[in-house]
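Tertiary structure, described
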Amino acid sequence: MVSTEVAFFDVHEDRADEFIEVFTGKAVPLLHKSGATDVVIYQNQRKPGGFVFICGWPTPTARTDEFEKSEHYPEFISVLGEFVSSPPTIGDFRTVHVDR
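As the structure is a prediction and not an experimental result, all values here were calculated from the model. Every chain begins its residue count from 1, and numbering advances along the sequence as written. Reporting in this predicted model follows two pLDDT cut-offs: at least 70 for local features of residues, and 80 or more for side-chain atom pairs to be given and counted; totals over whole chains, interfaces and linings ignore these cut-offs and use all residues. Side-chain numbers come from the whole structure's heavy atoms, not from hydrogens or water.

Before going further, it helps to examine the nonpolar core. To define a nonpolar core, start from buried Ala, Val, Leu, Ile, Met, Phe, Trp, Tyr and Cys residues and group those joined through side-chain atoms within 4.5 Å. Remark: exposure states derive from per-residue accessible area (1.4 Å probe, protein chains only) relative to the maximum for the residue type, with buried under 20%, exposed over 50%, and partly exposed in between. With 23 residues, the main nonpolar core has Phe-9, Val-11, Phe-19, Phe-23, Leu-31 and Phe-76 as its most contacted residues. For this core, the secondary structure elements donating two or more residues are β1 (3-10), α1 (16-33), β3 (50-57) and α3 (73-81). Per-element tally for this core: the top contributor is α1, with eight residues. Contacts between residues were defined by any pair of non-hydrogen atoms, one from each residue, lying within 4.5 Å. Non-local contacts of Val-11, meaning those with residues more than four positions away in its chain, are made with Ala-16, Phe-19, Gly-49, Phe-51, Phe-83, Val-84 and Ser-85. The helix count covers DSSP runs of H or I at least four residues long, the strand count covers runs of E at least two residues long, and both are numbered beginning at the N terminus.

Here, axes are lines fitted to C-alpha atoms. For helices the fit covers the stretch in contact, and angles between N-to-C directions go from 0 to 180 degrees. Orientation of α1 relative to α3, taken along the N-to-C sense of each, is 170°, at an axis distance of 10 Å. If you check the angle between α1 and α3, you find them roughly antiparallel. In contact with Phe-19, Val-22, Phe-23, Lys-26, Ala-27, Leu-30 and Leu-31 of α1, α3 contributes Glu-75, Phe-76, Val-79 and Leu-80. Three categories are distinguished: nonpolar for Ala, Val, Leu, Ile, Met, Phe, Trp, Tyr, Cys and Pro, charged for Asp, Glu, Lys and Arg, and polar for the others, with Gly belonging to the last. Taken together, the residues of the contact of α1 with α3 break down into nine nonpolar, no polar and two charged. Convention used here: angles under 35 degrees read as roughly parallel, angles over 145 as roughly antiparallel, angles from 65 to 115 as roughly perpendicular, and any remaining angle as oblique.

A few words now on α1. The length a helix should cover is 1.5 Å for every residue beyond the first. Between its terminal C-alpha atoms α1 stretches 25 Å, which fits the 26 Å expected from 18 residues at 1.5 Å a residue. Bend is the name given here to the angle between axes fitted to two runs of seven residues, the run ending at a residue and the run starting at it. Maximal helix bending in α1 amounts to about 40°, located at Phe-23. Buried within α1 we find Ala-16, Phe-19, Val-22, Phe-23, Ala-27, Val-28, Leu-30 and Leu-31. Here the buried face of α1 lies against β1, β2 (38-43), β3 and α3. Looking one or two places after α1, you find Gly-35, whose phi comes out positive at around 110°.

So, in structure tokens, the structure goes:
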């Protein structure tokens, strides 16, 4: 069963553009090296420091039991920590409906 991680977080607004560049250049490759199947980042259009991060994992435990215990996780947290202004809200979800 695949799992989708969804995280809501805020970065310092004056560094939002820099965050996007650093996150896509450094954090996304770490996620893929650790088994993430896809990564999507949305930026709030009305509040530029607000982001939603969506990451697909092959199993519900791939993030919690594998990625978070990997050698890539400390570097991932380091990349985020430089920009994030408060702790993120994170959840793991399963797909129940898609309409296209």
